[in-house]
Amino acid sequence: MEILKVDHLCKNYGSGEAMVKALQDVSFCVQKGEFVAVVGESGSGKSTLLNCIGGLDEPSSGTVCLDGRDLFSLNENRRTIFRRRNIGFIFQSFQLVPELNVEQNIVFPLLLDHQKPDAAQVEEMLEVLGLADRRRHLPSQLSGGQQQRAAIGRALISRPMLVLADEPTGNLDTKNSQDVMDLLLKASRHYRQTVLMITHNLNLTSCADRVLRVSDGVLKELGGTGR
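Right, let's walk through the structure included here. Quick caveat: nothing in here was measured; it's all calculated off a predicted structure.

What counts and what doesn't
Residues numbered from 1 in each chain as written. Predicted model: local features only at pLDDT ≥ 70, side-chain atom pairs only at ≥ 80, totals over all residues. Heavy atoms only, no water. Helix = DSSP H or I, 4+ residues; strand = E, 2+ residues; numbered from the N terminus. Rg over C-alpha atoms; globule rule 2.2 N^0.38 Å. Buried < 20%, exposed > 50% of the residue type's maximum accessible area, 1.4 Å probe, protein only. Contact = heavy atoms within 4.5 Å. Phe/Tyr/Trp six-rings, centres within 6.5 Å; stacked < 30°, edge-to-face > 60°. Pairing = 2+ DSSP bridges. Axes fitted to C-alpha atoms, helices over the stretch in contact; angles between N-to-C directions. Parallel < 35°, antiparallel > 145°, perpendicular 65-115°, else oblique. Left-handed = near helix turned anticlockwise from the far one by under 90°. Nonpolar A, V, L, I, M, F, W, Y, C, P; charged D, E, K, R; others polar.

## Details of the overall build of the chain
For the chain, the count of helices and strands is six helices and 10 strands. Since a compact globule built from 227 residues should have a radius of gyration of about 17 Å, the 17 Å found for the chain is in line with a globular shape. Overall, the C-alpha framework of the chain stretches about 55 × 40 × 35 Å when taken along its three principal axes. For the chain, the residues scored as buried account for 50% of the 227 residues in total. Restricting to contacts in the chain with at least 6 residues of sequence separation, those with at least 24 account for 69%.

This is how it looks when you write it as structure tokens:
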């Protein structure tokens, strides 16, 4: 089942001779439950691609459809609500709320959407993440790897149709990077989530079902990893 369809996506910055073509006619699809990695060097356009797919940045042309819904046919307010309910984000810099503990950070998206967290679901999530004994800790009391685990939980708690991970191990050492990737894969399989991850580190793509490369705004399919 096709969950994401990107069709002839272009994103330009500036105009005339100063125009930068960040994305050039990008088209691809992602099936429900797939774990897709997008690789590329810094400045290749992969972060712009992720921002457009997540509805954070509007493309110059082309469409992004999630479960058949064109994100940019929605006005800004409706797009914000749709994004909050259907897309989970994992950022390189974690972006946890420093005043909230682990459990509060994880359920924060539900509270923003005026939903009451299910206690059993939250408990299960904490167990899957290995954070049950850290649930009352503030982000400042956690290691980088633990903070990213909490960020993964926050992205998954609402069971979104799509999880977008932007360099999720960029601020972690090698061991924590592998631990976080293992956890992200485990959690995505456990909750049958569709994941699109961007990274500059080819070593992290071994867990992906499919790998795409962005270079100078152009996307190419590298195929499956044989996992």
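Past the structure itself, the notes keep going.
## Things to note about the packing of aromatic side chains
Inspection of the entire model under this criterion finds one aromatic pair. Residues phenylalanine 89 and phenylalanine 91 carry aromatic rings whose centres are separated by 5.8 Å and whose planes lie at 5° to one another, so their mutual orientation is stacked. The exposure class assigned to phenylalanine 89 is buried, which follows from its relative accessible area of 16%. What makes phenylalanine 91 partly exposed here is its relative accessible area of 23%.

## Description of the pairing of strand S6 (residues 87–90)
Residues Ile87 and Phe89 of S6 are buried on one face, and the alternating residues Gly88 and Ile90, pointing to the opposite face, are buried as well. Two strands pair when backbone bridges link them, and S6 and strand S7 (residues 162–166) are joined in this way by four bridges, in the parallel orientation. Directly across from isoleucine 90, in S7, lies its bridge partner alanine 165.

## Details of the packing of helix H5 (residues 144–156) against helix H6 (residues 174–190)
Relative to each other, H5 and H6 sit at 20°, their axes nearing to 10 Å. It follows that H5 is roughly parallel to H6 by the angle criterion. Handedness of the crossing formed by H5 with H6: right-handed. Contacts between H5 and H6 involve Gly145, Gln148, Arg149, Ile152 and Leu156 from the first element and Asn176, Val180, Leu183, Leu184 and Ala187 from the second. Residues of the contact of H5 with H6, tallied by class, amount to six nonpolar, three polar and one charged.

These figures come from the coordinates and say nothing about function on their own.
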